[in-house]
Amino acid sequence: MTNFWDLINIEEFWDKRLYFSEERGEVTFYCKDCKDIVEVERPQAGGYTFICKVCGGKNIAIWTKQWLIEMYKLKK
Ligand SMILES: [Zn+2]
């Protein structure tokens with residue numbers, strides 16, 4: 001299976017953030033290493049690098065919470 005997250009163009013996503021925000025709720029960060037929704041650090045303000053506060057990794061997907069719950073069958 002193609003890793004869907006690797007296909008996301010983050011800058012493109014950012015341009016569409018208002019659409020997603022209105023459509024599906026708040027933007028949420030998902031750590032692919034922790035396999036859970038996590039808090040992140042953003043070392044460069046306005047930058048596109050996010051670091052997981054749990055494991056320190058950068059394997060972060062950004063999407064709306066509702067979408068992540070559906071995608072990964074997370075508990076609400
Ligand atoms: Zn993590």
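The rules behind each value
- Residues numbered from 1 in each chain as written.
- Predicted model: local features only at pLDDT ≥ 70, side-chain atom pairs only at ≥ 80, totals over all residues.
- Heavy atoms only, no water.
- Helix = DSSP H or I, 4+ residues; strand = E, 2+ residues; numbered from the N terminus.
- Buried < 20%, exposed > 50% of the residue type's maximum accessible area, 1.4 Å probe, protein only.
- Contact = heavy atoms within 4.5 Å.
- Areas by Shrake-Rupley, 256 points an atom, 1.4 Å probe, with all protein chains shown as cover.
- Pairing = 2+ DSSP bridges.
- Core = buried A, V, L, I, M, F, W, Y, C linked by side-chain atoms within 4.5 Å.

K.L.:
For this particular structure, what's the right way to read the overall build of the chain?
P.N.:
Helices and strands together make up the secondary structure of the chain, namely 4 helices and 5 strands. Seen in sequence order, the chain has helices and strands lined up from the N terminus as α-α-α-β-β-β-β-β-α. Evaluated residue by residue, the chain yields a buried proportion of 30% over its 76 residues. Long-range pairs, those at least 24 residues apart, make up 56% of the contacts in the chain with a sequence separation of at least 6. A total accessible area of about 5500 Å² is found for the chain, and carbon and sulfur atoms account for 47% of it.

K.L.:
Help me out: how do you make sense of the pairing of strand E5 (residues 60-64) in this one?
P.N.:
In the case of a regular strand, side chains alternate between the two sheet surfaces. Judged by how many residues are buried, E5 sits mostly within the fold: 5 of 5 residues are covered. In the sheet, strand E1 (residues 27-31) pairs with E5 via 5 bridges, with the strands oriented antiparallel. Paired with threonine 28 across the two strands is tryptophan 63, which belongs to E5.

K.L.:
Would you take a moment to explain the pairing of E1 for this structure?
P.N.:
For E1, the buried fraction is high: 4 of the 5 residues fall into the buried class. Across 2 bridges, E1 lies against strand E2 (residues 36-37) in antiparallel orientation. Bridge assignment links tyrosine 30 to a residue of E2, and that residue is isoleucine 37.

K.L.:
Got a minute to help me understand the nonpolar core in this structure?
P.N.:
Side chains of nonpolar character tend, in soluble globular proteins, to be buried together. Counting 8 residues, the largest nonpolar core is built from Phe29, Cys31, Val38, Val40, Phe50, Cys52, Ile60 and Ile62. Counting residues per element, the ones that place at least two in this core are E1 and E5. If we ignore the near neighbours within four places in the chain, the residues touching cysteine 31 are Asp36, Val38, Cys52, Cys55, Asn59 and Ile60.

The values reported here are purely geometric and, on their own, carry no functional implication.
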